[in-house]
Amino acid sequence: MEKKLIIAIDGYSSCGKSTFAKSIAKLLNYIYIDSGAMYRAVTLYCMRNNLILNDEINRAGIIEGLKKINIEFLHNPELEGDETFLNGENVEREIRSLEVASHVSRISMIAEVRERLVELQQKMGEGKGIVMDGRDIGTVVFPEADIKIFMTASADIRARRRLDELKGKSIVTDFDEVRKNIVARDIADENRDISPLRRADDAVILDNSRMTVEEQMVWFLQMLNKMQNES
Ligand code: DC
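(A) Highlighting the overall build of the protein chain. Helices and strands together make up the secondary structure of the protein chain, namely nine helices and 10 strands. Its C-alpha radius of gyration of 17 Å places the protein chain within 12% of the 17 Å reference for a compact globule of 231 residues. With the C-alpha coordinates aligned to their principal axes, the bounding extent of the protein chain is approximately 55 × 40 × 35 Å. Counting all 231 residues of the protein chain, 50% fall into the buried class. Once local pairs closer than 6 in sequence are excluded, the contacts in the protein chain between residues at least 24 apart make up 73%. Carbon and sulfur atoms provide 50% of the accessible area of the protein chain, an area that totals close to 12,000 Å². Computed over 33 positive and 39 negative side-chain charges, the separation of the two mean positions in the protein chain equals 1 Å.

(B) Broad picture of the pattern of salt bridges. Applying the stated criterion to the full structure yields 16 salt bridges. Notably, a salt bridge pairs R48 with E89, separated by 2.9 Å at the nearest N-O pair. Note that R48 is positioned in helix α2 (residues 35-48) and E89 in strand β7 (residues 89-90), a separation of 41 residues in sequence. For E89, a relative accessible area of 35% corresponds to the partly exposed category.

(C) Representation of the pairing of strand β6 (residues 81-86). With five of its six residues buried, β6 lies for the most part within the structure. Where strand β5 (residues 71-76) and β6 come together, six bridges link them in antiparallel fashion. Directly across from F73, in β6, lies its bridge partner T84. Two successive antiparallel strands, β6 and β7, enclose a turn made up of two residues, where N87 displays a positive phi of approximately 45 degrees.

(D) Structural detail: the sheet that holds strand β8 (residues 130-134). Overall, parallel pairing links the five strands, which are arranged β2-β8-β1-β9-β10 in an open sheet. Since the sheet does not close on itself, it has two edges, and those belong to β2 (31-34) and β10 (204-207), each with one partner. Strand-to-strand twist across the sheet, computed as the mean angle between neighbouring axes with direction ignored, equals 20 degrees. Sheet analysis places strand β1 (residues 6-11) next to β8, joined by five bridges and oriented parallel. Bridge pairing in β8 places I6 opposite I130. Helix-sheet contacts for helix α1 (residues 17-28) involve β1, β2, β8, β9 (147-152) and β10, and the interaxial angle to β1 is about 165 degrees.

(E) Layout of helix α4 (residues 98-107). With seven of 10 residues buried, α4 lies mostly within the body of the structure. Listed in full, the buried residues belonging to α4 are L98, V100, A101, H103, V104, S105 and I107. Buried residues along α4 sit against α2, β3 (52-53), β4 (56-57), α3 (59-65), α5 (111-124) and α8 (175-191).

Definitions and limits used
Residues numbered from 1 in each chain as written. Predicted model: local features only at pLDDT ≥ 70, side-chain atom pairs only at ≥ 80, totals over all residues. Heavy atoms only, no water. Helix = DSSP H or I, 4+ residues; strand = E, 2+ residues; numbered from the N terminus. Rg over C-alpha atoms; globule rule 2.2 N^0.38 Å. Buried < 20%, exposed > 50% of the residue type's maximum accessible area, 1.4 Å probe, protein only. Contact = heavy atoms within 4.5 Å. Areas by Shrake-Rupley, 256 points an atom, 1.4 Å probe, with all protein chains shown as cover. Lys, Arg positive; Asp, Glu negative; His and termini not counted. Charge placed at Lys NZ, Arg CZ, Asp CG, Glu CD. Salt bridge = Lys/Arg side-chain N within 4 Å of Asp/Glu carboxyl O. Pairing = 2+ DSSP bridges. Axes fitted to C-alpha atoms, helices over the stretch in contact; angles between N-to-C directions.

Listed below in structure tokens is the structure:
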């Protein structure tokens with residue numbers, strides 16, 4: 001039987017990490033885990049439980065709340081994909097809102113939140129055969145991953161893609177607001193003290209500003225072939 005791999009995909013907000021990661025998982029018949037959805041689900045829990053108030057966060061309350069948070073990914077055959085469940089409730093749509101996006105960076109800066117989610121993510125990778133995307137997958141979650149990819153694309157292109165994605169989900173917003181949120185999250189992600197977004201030394205860069213998903217898959221398969229021929 002062929003060796004099952006751990007594939008870590010990190011990069012900036014909205015540069016198509018999840019589309020790319022999902023396509024790879026489908027192609028290889030691997031599990032796909034969206035680690036950003038987990039940070040978003042914790043953020044939604046905090047919003048609902050008044051742990052984020054007027055720009056203040058109730059850090060002690062959030063840490064206490066972590067014990068009561070259960071996050072799962074359950075398959076929806078109609079969508080041919082997984083959806084995020086928070087304590088048994090399907091929150092897939094709600095966690096994608098701009099409101100959640102505007103709070104998530106602050107929640108993901110809390111060390112205890114990261115510790116808990118990293119622990120869960122490592123458990124999910126135990127059987128291998130996994131593609132996980134996020135900000136610290138190749139650096140912290142799976143530093144020994146078999147393949148590490150660091151994705152990037154220009155801010156304008158990312159904002160356009162995110163806007164189209166939100167429109168597709170009937171979420172109304174405008175280009176400038178989306179772009180502002182993306183740039184703010186990049187700055188927060190890159191500059192936080194704990195597990196900042198950075199390329200792992202052994203990660204391969206993929207700038208997909210001018211690439212279709214099909215072209216990205218060709219790029220991936222070439223890399224995989226080369227890697228397997230060398231090993
Ligand atoms: O990938 P995304 O945009 O859905 O992620 C939402 C936020 O979660 C992102 O702004 C930073 C945070 N995040 C993180 O800190 N570490 C990860 N591994 C994944 C996401």
